[in-house]
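Structural description and commentary
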Amino acid sequence: MDFKLTAEQEMLRKTVQEFAAKEVAPTAAQRDEDEQFSRDIYNKVGALGLTGIPFPEEYGGAGWDNLTYIIAVEELSRACASTGITFSASISLAAWPILAYGTPEQKKQFLTPLADGSKLGAFGLTESGAGTDAAAQQTIATADGDNYILNGVKTFITNGGEAEIYVIMAMTDRSKGTRGISAFIVEKDTPGFTFGAVERKMGIRASATQELIFRDCRIPKTNLLGREGDGFKIAMATLDGGRIGVAAQALGIAQRALDEAVKYAKERRQFGKPISSFQGISFMLADMATQVEAARLLTYRAAYQKDQGQPYSKEAAMAKMFASDAAMQVTTNAVQVFGGYGYSREYPVERLMRDAKITQIYEGTNQVQQMVVSAAILR
Amino acid sequence: MKINSELCSGCGACAAACPFGALVIKGNKAEKTDACTDCGACASACSFEAIQAGSGSDNGGDAHDLNSYKGVWVYLELKDRQLRGVALELLAQGRKLADEMGQELAGVLLGDNVADLANEVFANGADRLYLVEDPCYGRYDADQYTAAMTELINTYRPAVILLGATHNGRDLAPRVAARIKTGLTADCTGLSIDTETGLVAWTRPAFGGNIMATILCPNHRPQMGTVRPRVFKRAEPDCGRTGTIVRAKTKATTSRVKWIKSIKSLKESVNLEDAEIIVAGGRGMGKPESFALVSELAELLGGAVGASRAVVDAGWMPADHQVGQTGKTVAPRVYIACGISGAIQHLAGMQGSDVIVAINRDASAPIFTVAHYGIVGDVNEVLPALINEIRCATA
Amino acid sequence: MKIVVCVKQVPDTTEVKIDPKTNTLMRQGVPSIVNPHDKHALEMALSLRDQLGGSVTVLSMGPMQSQEALRECLAMGADHAVLLSDRAFGGADTLATSYTLAAGIRKIGEFDLIICGKQAIDGDTAQVGPEMAEHLGIPHITYASQVEAGADGAPVRVHRDGEEGTEILEVKLPVLLTVTHYGDGPRLPVVKGIRRAFRAEVDVWSVNDVEVDRNVLGLKGSPTQVRRIFSPDKRCGCEMIPGDACAAASVVATKLRELRIIGVGS
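Residues numbered from 1 in each chain as written. Chains lettered and ligands numbered in written order. Predicted model: local features only at pLDDT ≥ 70, side-chain atom pairs only at ≥ 80, totals over all residues. Heavy atoms only, no water.

What follows deals with the overall build of chain B. Scanning chain B from terminus to terminus reveals 12 helices and 22 strands. Carbon together with sulfur atoms contributes 49% to the accessible area of chain B, which is approximately 15700 Å² in total. Separation of charge centres in chain B, based on 39 positive and 43 negative side chains, amounts to 5 Å. (Helix = DSSP H or I, 4+ residues; strand = E, 2+ residues; numbered from the N terminus. Areas by Shrake-Rupley, 256 points an atom, 1.4 Å probe, with all protein chains shown as cover. Lys, Arg positive; Asp, Glu negative; His and termini not counted. Charge placed at Lys NZ, Arg CZ, Asp CG, Glu CD.)

Here you go:
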């Protein structure tokens, strides 16, 4: 058993840290305040090559692995959780299903620009009436000659409006239930594809979240991903991987909260001593550090399973559930360590706490993760 | 460096003291690895005399030859045809060394039509001036200056040469040292005569100012070193002093580097070295905008603005404001350090200040180890209060 | 253009602290990094290569661990890496170091430009560059901030930062430059660069691989010797000024008045 990352992975981590410190972190608070998505930052993420990490070289990738990609998500999220999820949604939820289920032509056309970072991806499953109950899809795709015609509305779509390439789930045969769901690749600017309300969120406010509206949106049949009826399977497999990304995002947020709390506790003085010298604070920090480390181990383990070609659905669910709960607790405690200053927007920890909450919710609420884990162990 | 394993107790004190991580304890004995630079830190740390410092360096000339080199030289760098401050500082310190050695102090002046500076050179302590005047020395040029210096050294054989650790001094000295094949110690902050050997003991900060090293050049002549400006105080000039001018001719050389033009800095130059008062800010200012407070206080006091390396690296302040080992060494009458924790490399650049006032949130910050007056508090509260106080006081 | 960049692996001296109790260096956990000025030198070299074609070789002297530093340079985009590593090179002062590096450069072969960082942050001597140029018999320019290269074989124009401004100098190749800071600073390695770097070879040369006079190598060949190492003096007796911001400010103002830094007021 070896808990050590390779020197190559360590160099990648250091590179992402330097990149994030220079290009991402300085504007994070302001972008949160302004609810401003930055394409410029994503372009730089692409130029650095992070978008290509887990993809083969023939599709513009670096031919590396998921664990390394997960480290990149963690480090970006440590600087800015919005940037972390923008990246993770494009790579895990849009590029990955195209890699896994796409034809060589689809990969060439759609995976390559996602892997080189020139285009941004998004994933459309959730609808207003189909959240945890993903099978209750109302969006339909009707075959018509060489085309499918899409009709329906997707909500809470990360990168919605900003992405160029969307992987969209829609019913091709309602009578078959989940087996009647199919996956499609839809490009921005396709006639009939528009965007609705921009979500006004509690956290990750510098990420784009928008409604997708399909009204007689005609796409070529060559944009069907996998076969008709594969959609639910594709969506579930995609979310398994996406959850490792969310776990890494939560881990990054938690690590940052811990960093900030430790630094502050050493600086802040009360009763003539730094507050870190009081057990009430130092023990809290000890618990926070332990939670962060446990979250890291579960998250890396899930990514490792995936890289080994082993089943990772349960591991991803555990990692996501644990890391997001850890993020929530660690950020809440970080605010507590900061006291009144923690509640102030002058300091970064309140943002971390707001950002942490979503990790317990999206890409399957933690209750869904409990369903996944319990189903796996009770099989 | 040699370890006597019979005396070694394996206590590890040497490994802990090694700045380079070059010692390991294996089988209860210390062992050195390839990272060892023979700096000798381990030997001082060893309580069992198991480590013999230094080395087996036995190269170099014989004693008779070495003794034929005599006198202390100060390279007199010019700025706008005037002696630079550091040249005067080195004359003062060189005088002390020469007296201790019982030898002469000489200045070396390369330039175009600069003979009028001779009296100032003598007034500041020199017994002799080697004067090389030629239009080709009107501007510093590495090739020509190296050739001239080398020729002078080979002809007149000084025992010691001091140069200012300025841009040009640090350009010229290594080129000359490599041509003569002698030892050169950079950026010294201390100079004395080693009582045991009679050699110059060159003391300089290393490792980012975290440690000080005293260096000798036993078997090569001349012993050369560059010395940081503002480390030594210049002497009170004695206008009655006289000396001998040696007009030296050097072989004409052409330079491989052609000067095209010089562009004076457009921006107002930050003259930290000459400032009487410096208000400096560090990371503890919190954000770049807070630097306005530092500037305001500096302006109010008629001083200059300094910065720590951290804030220069972070892009809050331009590099020419940087004080410290990799920035400027300063010694103002008052140095006010605001939100500077006092990384050792910063301290190395300012601890010569007459009075140091430190304001920092962290009472255990190293800045307080060099400060005369310390305030534990938030600079963003203390500075406005101080600005207000001074406004009222001077109103 | 064929460029050689000399780099050194150094401890990150900004991370070093002094143990306040024992007054000794706490170097535990201090990471090794590529000397920051050397990264600027590499950036200058890479920019020139990207502009004019050619190759960039990075050269270092040090223990085997220095391969990490060279690996990072390869990741940033250097084409080749060479490490001079041998016990015989150890303990060298700047003269012996520059001599050894010069021998390495002769073995690398033809070159147009050698670029070094201004100084290493552990030794801070700024001597190895000019000394190396002397060993190689080529001119040098220190504190270079910009290079304008012309056609092949034409002289280059170098901007040299001086204390009073910038000098524009013209010099025929080959030349050695030392660099403090270049442009917007060193580039980050891109992911594919990191991948490539870990698949590339770092050539390691021992004393047998280079043509040298063994008498002027390493510690034995170093004219300067370290006599002793000690911790910098610590001043004690800092007078702590109590009270809140206003009270403390008032005390400081009084001190400044006593020092006649500010007037006594009216």
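Right, picking up where we left off after that structure.
Turning to the overall build of chain C, a few remarks are in order. The helix and strand inventory of chain C stands at six helices and 15 strands. The principal-axis extents of the C-alpha atoms in chain C amount to approximately 70 × 40 × 40 Å. Taking all contacts inside chain C whose residues are at least 6 apart in sequence as the whole, residues at least 24 apart take part in 71%. Of the roughly 10900 Å² of accessible surface on chain C, 48% is carried by carbon and sulfur atoms. Each charge class in chain C can be summarised by its mean position, and for the 29 positive and 34 negative side chains these summaries are 5 Å apart. (Contact = heavy atoms within 4.5 Å.)

With that settled, consider the interface of chain B and chain A. With four residues of chain B at the contact, the number on the chain A side is four residues. Roughly 390 Å² of surface becomes buried between chain B and chain A when both sides are summed, with 36% attributable to carbon and sulfur atoms. Summed over the three residues of chain B that lose the most area to chain A, namely Arg361, Asp362 and Ala363 of chain B, the buried surface amounts to 83% of that side. There are one salt bridge connecting chain B and chain A. Here arginine 361 of chain B and glutamate 267 of chain A are joined by a salt bridge, their closest N and O atoms 2.5 Å apart. For the interface between chain B and chain A, the tally reads one residue pair in polar contact (both at pLDDT 80 or more). Classifying every residue of the side of chain B that touches chain A by side-chain character gives two nonpolar, no polar and two charged. (Buried area = accessible area lost by both parts, 1.4 Å probe. Salt bridge = Lys/Arg side-chain N within 4 Å of Asp/Glu carboxyl O. Polar contact = N/O pair within 3.5 Å; in protein donor to acceptor, adjacent residues only side chain to side chain. Nonpolar A, V, L, I, M, F, W, Y, C, P; charged D, E, K, R; others polar.)

What follows concerns the environment of alanine 122 of chain A. Residues and elements named next belong to chain A. Along the chain, alanine 122 falls in strand β1 (residues 121-124). By relative accessible area, alanine 122 is classed as buried at 0%. Between the C-alpha atom of alanine 122 and that of glutamate 164, which follows or precedes it by 42 residues, the distance is 8.0 Å. Ignoring sequence-local partners within four residues, the contact set of alanine 122 consists of Ala94, Ile157, Thr158, Asn159, Ala163, Ile165, Tyr166 and Val167. (Buried < 20%, exposed > 50% of the residue type's maximum accessible area, 1.4 Å probe, protein only.)

Counting 157 residues, the largest nonpolar core has Leu12, Leu50, Phe87, Leu150 and Val186 of chain A together with Val5 and Ile115 of chain C as the members making the most contacts within it. Broken down by element, this core gets its largest block of residues, 17 residues, from helix α6 (residues 231-267) of chain A. Residue contacts for leucine 150 of chain A: discarding those within four places in its chain leaves Ile140, Ala141, Ile168, Ala170, Phe184, Val186, Phe214, Arg215, Asp216, Cys217 and Ile219 of chain A. (Core = buried A, V, L, I, M, F, W, Y, C linked by side-chain atoms within 4.5 Å.)

In this section: the interface of chain C and chain B. Contact with chain C, which involves 89 residues of that partner, is made by 105 residues of chain B. Both sides together, the interface formed by chain C and chain B hides about 8400 Å², and carbon and sulfur atoms give 56% of it. At the junction of chain C and chain B, the tally comes to five salt bridges. Between arginine 160 of chain C and aspartate 171 of chain B there is a salt bridge, with its nearest N and O atoms 3.7 Å apart. Linking chain C with chain B are 28 residue pairs in polar contact (both at pLDDT 80 or more). Listing elements by their share of the side of chain C that touches chain B, those giving two or more residues are α3 (94-108), α4 (128-136), β9 (140-148), β10 (156-161), β11 (165-171), β14 (225-230), β15 (239-240) and α6 (245-258) of chain C. The element best represented in the side of chain C that touches chain B is α6 of chain C, accounting for 10 residues.

With that settled, consider the pattern of salt bridges. If you walk through the whole model with that rule in mind, you get 53 salt bridges over all chains. Glutamate 77 of chain B is paired through a salt bridge with arginine 84 of chain B; the nearest N and O atoms lie 2.9 Å apart. Summarising the burial analysis for this pair, glutamate 77 of chain B and arginine 84 of chain B share the class buried. As a salt-bridge pair, arginine 247 of chain B and glutamate 133 of chain B come within 2.7 Å of each other at their nearest N and O atoms. One end of the pair, arginine 247 of chain B, is in strand β16 (residues 244-247); the other, glutamate 133 of chain B, is in strand β9 (residues 128-133), and 114 residues separate them in sequence. In this structure, a network of salt bridges that share partners links the residues Arg13, Glu74, Glu75, Arg78, Asp259, Glu293 and Arg296 of chain A.

Keep in mind these values describe shape, not function.
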